Amino acid sequence: MTQGLWRAAASMLVVGLLAACATVAPPPVVHHVATAPSSKAHRQGRLFYHVLLGDIAGQQGRLGAAAQAFGEAARETGNLGLTRRSTLLSLYARRYAQAHYLARLWLSLAPKSASAREALADADLGLNRTQAAVQQFERALAQAAAAQGSAGRAFAFEHIATLLLRHKRVPPTLMVMQALTQRYPKDPIGAYALADLARQDHDQATALRAIDAALALKPDWEGAAVLKARILWSAAPRRALAFSARFLKSNPSATRLRLDYARRLVSLEYWHRALAQFRVIAAAAPNDARVLYAAGLIALRSDDLGLARSYLKRSLALAPGDPRAELYLGEIAQKQNRFARAHYYYARVGAPYRFTASMRDGLMLLQESAPRLAWQRLARVAAHTPAQITALALARNEVLMAMGHYAQGLALLKAVTPKSPHPNVLLYARALDEEKSGAVAAAEQDLEHLVAAHPHSAVALNALGYTYINHHQHEKRGMALVRRALALDPKNPDILDSMGWAYYRTGHPRLALPYLRRAFLLSRDPTIAAHLGAALWRAGEHGRALRLWRAALTKAPHNAVLKAELAKHSAL
């Protein structure tokens, strides 16, 4: 128990002690004048001894010893407040035998107290007296209803549910709650608690029956709807999503469920559906920076750059200096080719995203066809961890490749590899350098090692397969590798491009077109545009090929593959 928690518990007990000292009945009158003061002093001394002992034990974190000492103080005084507090402290310390005794003392002092009954039942449950616990809980519910009607019983039911959920032994608590809900079948809180307990016990059938009963009794209960979505999610995610959508249609103000639903959509990467939910959430919380940031991030993943920028700027206005918002605003500006604005945001990003922003800022200059400036900017970036050293080496190598300095890139990667926590990533980059420099056999050897180490890596399979196909070596094996990669990652534009390029290189341009078109729609990459144009040209669609190449060249005027295709077909 933390010192803060102990101080809170101790303060309550001190109040109880002061009340006890004020209300303890005076000792019986005795005629032996010399002994009466001594007897009273002795009792008060014992009382203060127990309280002091309990306080010291609590300060030392010995909650059990503290509970025992305060329990002795409660026995000494017979004070209701101190007895109640001592009982609850004993239950918290899981000293159930002592709690049972004190709860009975509490009940003798307050026979109509539903809380005393609940404490006694809690102690019975801790002592594995399940049936006795059921009986005491039932009497507590009856007493609460007699005192305060159905509202009192509902409150007592909620408190009992909290007590049961605190116990770590789920089966007995589940048995208790099942008995109570059978006794009170029309109480939604009991049904909710039964559902939650059953969920913790991985009993989905019982959990669903119980939560459906709770929702039948209280159809618009958002908390029950959230719990049902959680129960369904563990076994049937699509059913969970469908239920949440139906509930929100009838209860559009159920913000907790909407947020839960949106997060589940994000986990499945249903970006557009998640964005629709976050737009509603953001409209309801226009001054919540966290909500606006989340909405902006989802909009960015949905490729709605204008909306993403709007949300993130509003988030940044509410939380100035947020490095995450500035990083993503820089990314948006970069995607929009607003490079000066992107540089402005990247330069403002602070810890812990400073390194990432600096890397993006440097590599962005490749988009501006300024590899030498990119090299100078990345030369100023400091890497402090092995992972950062690896990332910086890969970024610098990318710049060297853009400048055609493949040997220098290889030397850079080889120097970093022995110390890198991600040597396979560097091996992949090294193979690309080797392939570009004409050392195809070395590239294939590195990629074969990579595939052997990671036989289920779509990236590795695709890289080796593409290399085989592109150099007319082992073409059948290359196509088989790309097919395996595509089965693992069917929406990856690079793999779709490889599949299309494989059909093109083996003389089937019509079969290549669907893959290349889909790849280009997903990424708009200039190299994929070059491949798609080549397939269109060979398929006889010369006009479309030329229009595609020229449009792509205006956006990437230094792309070597595009320029080669146009030069080959005398269209420059």
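Residues numbered from 1 in each chain as written. Predicted model: local features only at pLDDT ≥ 70, side-chain atom pairs only at ≥ 80, totals over all residues. Heavy atoms only, no water.

Chemist: Mind showing me how you'd approach the environment of Ala411 here?
Modeler: When you line up the elements, Ala411 lands in helix α22 (residues 406-416). A residue is classified by how much of its surface remains accessible, and Ala411, at 49% relative accessible area, is partly exposed. For Ala411 and Asn397, which are 14 residues apart along the polypeptide, the C-alpha to C-alpha distance reads 9.5 Å. (Helix = DSSP H or I, 4+ residues; strand = E, 2+ residues; numbered from the N terminus. Buried < 20%, exposed > 50% of the residue type's maximum accessible area, 1.4 Å probe, protein only.)

Chemist: Please explain the packing of helix α7 (residues 130-166) against helix α8 (residues 170-183) as it appears in this structure.
Modeler: Helix packing for two helices is described by the angle between their axes and how far apart those axes are. At a minimum axis separation of 8 Å, α7 and α8 run at an interaxial angle of 40 degrees. Viewed along their axes, α7 and α8 adopt a mutual orientation that is oblique. Classified by chirality, the crossing of α8 by α7 is right-handed. Of the residues in α8, those touching α7 at Thr130, Val134, Phe137, Glu138, Leu141, Phe157, Ile160, Ala161 and Leu164 are Pro172, Thr173, Met175, Val176, Met177, Ala179, Leu180 and Arg183. A breakdown of the residues in the contact of α7 with α8 according to their chemical character gives 13 nonpolar, two polar and two charged. (Axes fitted to C-alpha atoms, helices over the stretch in contact; angles between N-to-C directions. Parallel < 35°, antiparallel > 145°, perpendicular 65-115°, else oblique. Left-handed = near helix turned anticlockwise from the far one by under 90°. Contact = heavy atoms within 4.5 Å. Nonpolar A, V, L, I, M, F, W, Y, C, P; charged D, E, K, R; others polar.)

Chemist: Just checking my understanding: could you explain helix α25 (residues 458-470) for this structure?
Modeler: Owing to its 3.6 residues per turn, the α-helix aligns residues three or four sequence positions apart on the same side. Compared with an ideal rise of 1.5 Å per residue, which puts 13 residues at 18 Å, α25 spans 18 Å between its outermost C-alpha atoms and is within 8% of the ideal. The element α25 is extensively covered by neighbouring structure, given that 11 of its 13 residues are classed as buried. Turning to α25, its buried residues are Ala458, Ala460, Leu461, Asn462, Ala463, Leu464, Gly465, Thr467, Tyr468, Ile469 and Asn470. Close packing links the buried residues of α25 with α23 (423-436), α24 (440-453), α26 (475-488) and α27 (493-505). Downstream of α25 by one or two residues, His472 has phi in the positive range, about 55 degrees. (Expected span 1.5 Å × (residues − 1).)

Chemist: I would appreciate a short explanation of unusual backbone geometry in the present structure.
Modeler: When glycine is set aside, most residues are seen to have a negative phi, and most peptide bonds are trans. Omega for the bond connecting Ala351 with Pro352 falls within 30 degrees of zero, at 5 degrees, which places this linkage in the cis form. In this structure, Ser369 is a non-glycine residue whose phi angle is positive, near 55 degrees. Relative to the elements of secondary structure, Ser369 occurs in the loop between α19 (354-367) and α20 (371-379). Positive phi is not limited to glycine here, since Arg524 has a value of about 55 degrees. For Arg524, the position within the fold is in the loop between α28 (509-523) and α29 (526-538). The class of Arg524 is exposed, set by a relative accessible area of 52%.

Chemist: Please explain the pattern of salt bridges as it appears in this structure.
Modeler: A side chain of one charge can pair with a side chain of the opposite charge when the charged atoms of the two come close. In the structure shown here, the tally under the stated rule is 17 salt bridges. A salt bridge links Asp212 to Lys228, with the nearest nitrogen and oxygen atoms 2.8 Å apart. Of this pair, Asp212 sits in helix α10 (residues 204-217) while Lys228 is found in helix α11 (residues 222-233), placing the two residues 16 residues apart along the sequence. In this structure, the salt-bridge partner of Arg290 is Asp288, at a minimum N-O distance of 3.8 Å. Residue Asp288 is classed as partly exposed on the basis of its relative accessible area of 24%. One salt-bridge network, held together by shared partners, links Arg301, Glu331, Lys335 and Arg360. (Salt bridge = Lys/Arg side-chain N within 4 Å of Asp/Glu carboxyl O.)

Chemist: Would you mind showing me how to read the side chain of Arg430 here?
Modeler: Along the chain, the position of Arg430 falls in helix α23. A residue is classified by how much of its surface remains accessible, and Arg430, at 19% relative accessible area, is buried. Polar side-chain contacts of Arg430 include one of 2.9 Å to the side chain of Asp446. The residues touching Arg430, leaving out its near neighbours within four places in the chain, are Leu410, Leu413, Lys414 and Asp446. (Polar contact = N/O pair within 3.5 Å; in protein donor to acceptor, adjacent residues only side chain to side chain.)

Chemist: Sorry, what's going on with the nonpolar core here?
Modeler: Burial of nonpolar side chains together is a common tendency in soluble globular proteins. Judged by nonpolar contacts, the single largest core of 74 residues is most densely connected at Phe137, Leu164, Met177, Leu180, Ile211 and Leu257. Here this core gets 11 residues from one element, more than from any other, and that element is α7. Grouped together as the second largest cluster of nonpolar side chains are 46 residues, Tyr468, Ala485, Ala502 and Ala534 included. (Core = buried A, V, L, I, M, F, W, Y, C linked by side-chain atoms within 4.5 Å.)

In short, geometric facts, not functional conclusions.
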